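The residues making up each chain are set out below.
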There are 2 protein chains.
Amino acid sequence: MEVTRRNYKDSLNTVYSAIEEADFLAIDGEFSGISDGPNVSALTNGLDTPEERYTKLKKHSMDFLLFQFGLCTFKYDQTKSKYIIKPFNFYVFPKPFNRTSPDIKFICQSSSIDFLASQGFDFNKVFCNGIPYLNQEEEAQLREQTEERRNQHANGVGTPSYISPSSKGPAHVPEEHKDFINRVIEKVEALFTNSEKTLDLEPCTGFQRKLIYQTLNWKGFTWKPLKQKSKVDDEERKRREQQKLEREQEELNDAVGFSRVIHAISKSGKLVVGHNMLLDVMHTIHQFYCPLPEVLKLKMNILNTEPFWLLLDTKLMASTQPFKEMITNTSLAELEKQLKEGPFKSPQVETAEGFHSYDTAQEQLHEAGYDAYITGLCFVSMANYLGSFLTPPKAYISARSKLVEPFFNKLFLMRIIDIPYLNITGPDLQPKRDHVLYVTFPKEWKTSDLYQLFSAFGNIQVSWIDDTSAFVSLSQTDQVQIAMNTSRYAESYRIQTYAEYIQGKQQDKEKLGQTAKTWGDDGWVKSHYTSSTTSGRLSPIPDEEEEEEESSEGTNPANDAEGTVTWQQATRKGQKNKKKKSKGVFVSLLTLLNLPETVQTVTWCSFL
Amino acid sequence: MEVTRRNYKDSLNTVYSAIEEADFLAIDGEFSGISDGPNVSALTNGLDTPEERYTKLKKHSMDFLLFQFGLCTFKYDQTKSKYIIKPFNFYVFPKPFNRTSPDIKFICQSSSIDFLASQGFDFNKVFCNGIPYLNQEEEAQLREQTEERRNQHANGVGTPSYISPSSKGPAHVPEEHKDFINRVIEKVEALFTNSEKTLDLEPCTGFQRKLIYQTLNWKGFTWKPLKQKSKVDDEERKRREQQKLEREQEELNDAVGFSRVIHAISKSGKLVVGHNMLLDVMHTIHQFYCPLPEVLKLKMNILNTEPFWLLLDTKLMASTQPFKEMITNTSLAELEKQLKEGPFKSPQVETAEGFHSYDTAQEQLHEAGYDAYITGLCFVSMANYLGSFLTPPKAYISARSKLVEPFFNKLFLMRIIDIPYLNITGPDLQPKRDHVLYVTFPKEWKTSDLYQLFSAFGNIQVSWIDDTSAFVSLSQTDQVQIAMNTSRYAESYRIQTYAEYIQGKQQDKEKLGQTAKTWGDDGWVKSHYTSSTTSGRLSPIPDEEEEEEESSEGTNPANDAEGTVTWQQATRKGQKNKKKKSKGVFVSLLTLLNLPETVQTVTWCSFL
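Residues numbered from 1 in each chain as written. Chains lettered and ligands numbered in written order. Predicted model: local features only at pLDDT ≥ 70, side-chain atom pairs only at ≥ 80, totals over all residues. Heavy atoms only, no water.

- Within an unreviewed UniProt entry, the label attached to chain A reads Poly(A)-specific ribonuclease PARN, and the organism entered is Dicentrarchus labrax.
- Heading Sequence similarities (unreviewed entry) of the UniProt record for chain A holds this comment: "Belongs to the CAF1 family."
- UniProt lists a comment for chain A under the heading Catalytic activity (unreviewed entry), and it reads "Exonucleolytic cleavage of poly(A) to 5'-AMP." (UniProt positions renumbered as here; feature names shortened; annotations may be inferred.)

**Thoughts on the overall build of chain A**
Then step 1. Helices and strands together make up the secondary structure of chain A, namely 25 helices and 14 strands.
Then step 2. Relative to its 608 residues, chain A shows a buried fraction of 56%.
Then step 3. Of all intrachain contacts in chain A linking residues separated by at least 6 positions in sequence, the fraction that spans at least 24 positions is 76%.
Then step 4. Summed over its atoms, the accessible surface of chain A is roughly 26,300 Å², and 53% of this surface lies on carbon and sulfur atoms. (Helix = DSSP H or I, 4+ residues; strand = E, 2+ residues; numbered from the N terminus. Buried < 20%, exposed > 50% of the residue type's maximum accessible area, 1.4 Å probe, protein only. Contact = heavy atoms within 4.5 Å. Areas by Shrake-Rupley, 256 points an atom, 1.4 Å probe, with all protein chains shown as cover.)

**Here we look at the environment of B:Leu279**
Residues and elements named next belong to chain B.
Then step 1. Turning to its location among the elements, Leu279 is positioned in helix H12 (residues 278-288).
Then step 2. Owing to a relative accessible area of 16%, Leu279 belongs among the buried residues under this scheme.
Then step 3. Each C-alpha atom, one on Leu279 and one on Glu30, is 9.9 Å from the other, the two residues being 249 residues apart in sequence.
Then step 4. Ignoring sequence-local partners within four residues, the contact set of Leu279 consists of Phe31, Ile34, Leu57, Ser61 and Met62.

**Things to note about the UniProt feature "domain: Poly(A)-specific ribonuclease RNA-binding" (unreviewed entry) in chain A**
Then step 1. On the UniProt side, "domain: Poly(A)-specific ribonuclease RNA-binding" (unreviewed entry) is annotated at positions that read residues 426-503 of chain A here.
Then step 2. Overall, residues 426-503 of chain A shows 28% helix and 26% strand. The separation of its end C-alpha atoms is 22 Å.

**Considering the sheet that holds strand E14 (residues 494-497) of chain B**
Across a sheet, strands are paired by hydrogen bonds formed along the backbone, either parallel or antiparallel in direction.
Residues and elements named next belong to chain B.
Then step 1. Strand order across the open sheet formed by four strands is E12-E13-E11-E14, with antiparallel pairing between neighbours. The strands lining the two open edges of the sheet, one partner per strand, are strand E12 (461-466) and E14. Within this sheet the neighbouring strands show an average axis-to-axis angle of 25 degrees, counted without direction.
Then step 2. Relative to the sheet, helix H18 (residues 479-487) contacts strand E11 (436-440) and E14, its axis offset from that of E14 by approximately 150 degrees. (Pairing = 2+ DSSP bridges. Axes fitted to C-alpha atoms, helices over the stretch in contact; angles between N-to-C directions.)

**Details of the sheet that holds strand E14 (residues 494-497) of chain A**
Residues and elements named next belong to chain A.
Then step 1. The sheet built from four strands is open, its strands ordered E12-E13-E11-E14 with antiparallel pairing. Two strands in the sheet have a free side with no partner beyond their single neighbour: strand E12 (461-466) and E14. Strand-to-strand twist across the sheet, computed as the mean angle between neighbouring axes with direction ignored, equals 25 degrees.
Then step 2. Direction of pairing for E12 relative to strand E13 (residues 469-473): antiparallel, over a ladder of five bridges. Bridge assignment links Gln461 to a residue of E13, and that residue is Ser473.

**Description of the side chain of A:Thr4**
Residues and elements named next belong to chain A.
Then step 1. Its location among the elements puts Thr4 in the loop between strand E1 (2-3) and helix H1 (8-21).
Then step 2. Using a relative accessible area of 9% as the deciding quantity, one classes Thr4 as buried.
Then step 3. In contact with Thr4, other than residues within four places in its own chain, are Tyr91, Asn129 and Ile131.

**Examining the nonpolar core**
Then step 1. Grouped together as the largest cluster of nonpolar side chains are 224 residues, with contacts concentrated most on A:Phe90, A:Phe123, A:Phe379, B:Phe90, B:Phe123 and B:Phe379.
Then step 2. Contacts of A:Phe379, omitting those with residues within four sequence positions, involve A:Phe24, A:Leu271, A:Val273, A:Leu312, A:Thr314, A:Met317, A:Ala399 and A:Val404. (Core = buried A, V, L, I, M, F, W, Y, C linked by side-chain atoms within 4.5 Å.)

**A word on helix H18 (residues 479-487) of chain A**
Residue and element names in this part refer to chain A.
Then step 1. When we look at burial in H18, the residues that qualify are Gln479, Val480, Ala483, Met484 and Ser487. The buried residues of H18 occupy an angular sector of 140 degrees when projected down its axis, which confines them to one face.
Then step 2. On the buried face of H18, the contacting elements are strand E11 (436-440), E14 and helix H19 (498-511). (Arc of directions from axis to C-beta.)

**Section: the packing of H1(A) against helix H11 (residues 259-268) of chain A**
Residue and element names in this part refer to chain A.
Then step 1. Running from amino to carboxyl end, H1 crosses H11 at an angle of 15 degrees, the nearest separation of the two axes being 10 Å. Considering their axes alone, H1 and H11 lie roughly parallel with respect to each other. Of the two elements, H1 crosses H11, and the hand of that crossing is right-handed. Contacts between H1 and H11 involve Tyr8, Leu12, Val15, Tyr16, Ile19 and Glu20 from the former and Arg260, Val261, Ala264, Ile265 and Ser268 from the latter. (Parallel < 35°, antiparallel > 145°, perpendicular 65-115°, else oblique. Left-handed = near helix turned anticlockwise from the far one by under 90°.)

**Side note on the pattern of salt bridges**
All names here are of chain A.
Then step 1. For the coordinates displayed, the defined rule picks out 47 salt bridges over all chains.
Then step 2. With a shortest N-O distance of 3.6 Å, Glu444 and Lys443 are connected by a salt bridge.
Then step 3. Residues joined in a network through salt bridges with shared partners are Glu2, Asp122 and Lys125. (Salt bridge = Lys/Arg side-chain N within 4 Å of Asp/Glu carboxyl O.)

**Describing unusual backbone geometry**
In most cases, non-glycine residues show a negative phi, while peptide bonds are predominantly trans.
Then step 1. The residue after A:Thr391, namely A:Pro392, is reached through a cis peptide bond having omega -5 degrees.
Then step 2. The phi dihedral of A:Asn409 is positive, around 60 degrees, even though this residue is not glycine.
Then step 3. On the secondary structure map, A:Asn409 appears in the loop between helix H16 (368-387) and strand E9 (410-412).
Then step 4. Look at A:Asn409 and you get buried, because its relative accessible area is 6%.
Then step 5. The phi dihedral of B:Ser81 is positive, around 40 degrees, even though this residue is not glycine.

**Some points on helix H4 (residues 110-118) of chain A**
Then step 1. Counting buried positions along H4(A) gives seven out of nine residues, so the element sits mostly inside the fold.
Then step 2. All of the buried residues in H4(A) are A:Ser110, A:Ser111, A:Ser112, A:Ile113, A:Asp114, A:Leu116 and A:Ala117.
Then step 3. For H4(A), the secondary structure elements touched by its buried residues are strand E2 (24-31), strand E3 (66-77), strand E5 (105-109) and helix H5 (123-129) of chain A together with helix H5 (123-129) of chain B.
Then step 4. Just downstream of H4(A), A:Gly120 is the residue with a positive phi angle, here 75 degrees.

**Observations regarding the environment of B:Thr330**
Then step 1. With respect to the helices and strands, the residue B:Thr330 is situated in the loop between helix H14 (314-318) and helix H15 (332-338).
Then step 2. Separated by eleven residues in sequence, B:Thr330 and B:Ser319 place their C-alpha atoms 6.8 Å apart.

**Thoughts on the confidence of the model for chain A**
Residue and element names in this part refer to chain A.
Then step 1. Confidence in the prediction for chain A averages 77 pLDDT; 74% of positions are at 70 or higher.
Then step 2. The secondary-structure element of chain A with the lowest mean pLDDT is helix H25 (residues 597-607), recorded at 28, while E2 shows the highest, at 98.
Then step 3. Here residues 514-608 is a poorly scored stretch, pLDDT under 50, and it has 216 contacts once near neighbours within four places are set aside; other chains count. (pLDDT = per-residue confidence, 0-100.)

**Examining the packing of aromatic side chains**
Then step 1. Under the counting rule described, the total for this entry stands at 75 aromatic pairs over all chains.
Then step 2. Cation over ring: A:Lys410 sits above A:Tyr421, and NZ or CZ is 5.7 Å from the ring centre. (Phe/Tyr/Trp six-rings, centres within 6.5 Å; stacked < 30°, edge-to-face > 60°. Lys NZ or Arg CZ within 6 Å of the ring centre and 35° of its normal.)

**Section: the pairing of E13(A)**
Residues and elements named next belong to chain A.
Then step 1. With five of its five residues buried, E13 lies for the most part within the structure.
Then step 2. Burial of the side chains of E13 extends over both faces: Ser469, Phe471 and Ser473 are buried on one face and Ala470 and Val472 on the other.
Then step 3. Across five bridges, the pairing between E11 and E13 is antiparallel. What sits directly across from Val436, in E13, is Ser473.
Then step 4. The loop that links E12 with its antiparallel partner E13 comprises two residues.

**Some remarks on the pairing of strand E7 (residues 310-313) of chain B**
Residue and element names in this part refer to chain B.
Then step 1. Every second residue of E7 is oriented toward a common face, with Leu310 and Leu312 on one face and Leu311 and Asp313 on the other, all of them buried.
Then step 2. As judged from the four bridges shared by strand E6 (residues 271-274) and E7, these two strands associate in the parallel manner. Across the sheet, Val272 pairs through a bridge with Leu311, a residue of E7.

**Considerations on the packing of helix H3 (residues 50-61) of chain B against H12(B)**
Residue and element names in this part refer to chain B.
Then step 1. At their nearest, the axes of H3 and H12 sit 11 Å apart, and the two run at 55 degrees to each other. Of the possible angle classes, the one that applies to H3 and H12 is oblique. Note that H3 runs across H12; the crossing there is right-handed. Along its contact with H3, which presents Tyr54, Leu57, Lys58 and Ser61, the element H12 presents Leu278, Leu279, Met282 and His283.

Printed below as a string of structure tokens:
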């Protein structure tokens, strides 16, 4: 179902009940851009920590607009033993609510806009009929304003919202308007002496209206006396007051707009499935709740949305065992195709009556509603596949099954070699990186220079940080000390161990301790917007398909020796953490799949 | 005529000849926003200097996108004694030309987008079919790249554009791709041994293609040997080379795209008329030529476009005598209406065959093509009205008449009390502001506090600069010294004369002398983008109609005593400057209108 400002109000109850009855929800967002940083590679270093990656995205991706939000609800029908789905495609736009509401600015990235255009995206629906929204702060401000106006009104000290403080003082009435204004003032004053109930103003421009209010204001007029003089009897006035109150309340809800859908999803506590969903989640928080907190605050559920969103990322699931051996390309489109073939089974789904039923044969990729829909399909296929391990095998695995629990609240990280996910509700993996060197050098250097510098150490891997620094992963850890020694007297470049590098960053961070604490304000800090129009740098256009490919490469241990090693270390560490947190899950999983424990541990460790 | 990427190439000659034959051109632009500053009032202080205003707009308005450009050509037909017009409405969008071309980011302001949407603006035409463009720097870079590729090709050292330097070095081939890649490499190597002419690749993904190139590259393969092996005979190869060259040249022109229209306008040297056109001109330079220079460099015609654009601003014309007494509202729509009535005459126009003819009865305001059209009409009406002063009166005044010359290259400044325009080709007016005080105070202060502080000095005028400073204009200059004395021991606030304030700014500027000199680079400096989404500040939505009203108020001497006084001073100064520059014009004007000199001087001085 397509939802715009036009049919938003009428659809709201349909949306609410769909969420209420659902077993799980699938979501997807389309944005006006991805990164306002110099280039994507700088934004995604292969050895970022989850916190670093989150911080980069927070800084370089939040000034774009999430303008299409896809929601597909999945409800399992036991009798039909199939899922009943309800897909929604919301168009979202921050239409200013009134003359004092925030005038939001957002960035568009021409490559992203061009990509969406090539997919037949309808920008008019966004900009002309997008559903407005407010974040919590804006909503609070608006409620305050309304409250204030009400009180002022009650106390008879009224100032129309469009008289700014700085316009107080005697109004400067231009010559050509003086006659008109004077006529009006006379009329107003007449109200007090004669028997007229109402005041008919001549038609006038916004500017003239402003002058009238300013002049009256300056002459000490307030709106209450005027009202009293208008001699409307009390019952009538009460009735009008009541109507006004209701109207104001409704206007307020309209202004909160699409945020109400997001709040409903939060309240539902349902499992929310997405594909490569980190940016979707971040934009959702940023646009409809509050400026993004630090990663730690995020993990502490700073949003106080109880219950906290329960998330599952199908891209992470697909790039983890047992799936990662079977699925060569984890981009959504490819994943959906591969899950149609054995050993997987396409889930039985039926589109609820009155909803547009998508046909996966003729793809409508990158319409958020459709992407959400097939994301849900992929989740069901993979979950059910896990069920086939059970004895007896189960064909249907519920969204809350212990089998999928290991994936909860872990968001896929693109192109990080040894850390597959950001853990929203627990500590992040800390892979050993003692084979990694942090190298700084003149900005003229290219990768080839680094290969030359380390030619003695056999196969190395270079992860660029910026023009003058990169991580270099050696194939053997014991080479690190040798490299350090040889570099001691080098002048053009400098080498640190990864440990030293992290320590340095930690110290810098502690220096900034204060600001870190006041994250709330820091959230309001203006992000630095760099426009490529005026940048000499030429940044490549991100190619969706290839990006996905590379990302699957990035987290696939098969890619290179080091990768595999660290991955194993990472996941074992991860397992330890997890064990502490949910021994229950671990045990129950072992009993569910009754195979020798040794095998289990492997399966399990690759599950995390 | 509506011009998008679809019909751009076919229309180009029509556009060129329309410009060539025209007597004058009218233009208008539509933008994705106006100001990314805190709010409009901060951007337009009533006592800005022209340079200050220009610098503010440069900083706070250039990250928006000019995405619709209106051009209407006016050619006078002696025989029909009417203008033949050709209106064009161009949709413009920086579609990335290839994977290495700049990925431009631009800001959208929700109030502006919402306003255009309410006017029925078609965003899909912009984003899906907008004509691409390059500025001079980007065009040069692209030509360089093409040149390089050609040479590399000739020397046989070829690297496909999508192998970034950092991807040099041994390609890391994921397990699942290894077999495929190896098969391909074998095939390539086979080329050298067997008699095959061509190499058939299995279908593969972009990522696999990349791996192939990287691996071959690493193995020292270059494209020239491959070509030689392909054994195509020489004539054939030459023919292909030639085709390739032509194709590249055409692609290059396509990339330069809409900038070619702008260059044609420059080359034509025709008078370019706009309404309130400062932002249109600034965006045109910024988007299609180069980052905006400092105002001084601009006046020195840094663009080296010979002949330099000859500009005329109808809003300035309408708010200057003899028109300013007759025209109460200089917003384009209102101006057009008022110029239909006596003493003015609506010009006789005829839309050229094959062009969409606009009907001014049912307005299509804020379609750039239409706005350009009625801007041209307004210019003709006002110019012809000036002709009625001649003896004998002339009904038709040409675009190059001495009567309109005084308005050339002077761009209207919104809401500046005593300086009506930015002079592009000469020194700016320097009105005496010795009745103005620069006051700094705690940020809690409101206008009312300032009125109280200066209550002893009768009627004052306050122009806010920011939260903690404002200009206060006293009605009498001799009060300034008194105010200064009384303030000597004040602690909460501080008062400077306007002269002191300017001196201070001048000194700050001299400190920054160096950066000022390297304006070229400084043009590349990233502008600081502040997103209102994360700003506590609520900025009012600019109301087109009212803005215009206020601006007409701003430059209309009738508004307030000081205004008139300073305006007179300003224009007399302006006259002096002008006299020096073009005594010829002055004299000829006197002879044209043979009335007593005294009267002349008045008319004349109000003309400037």
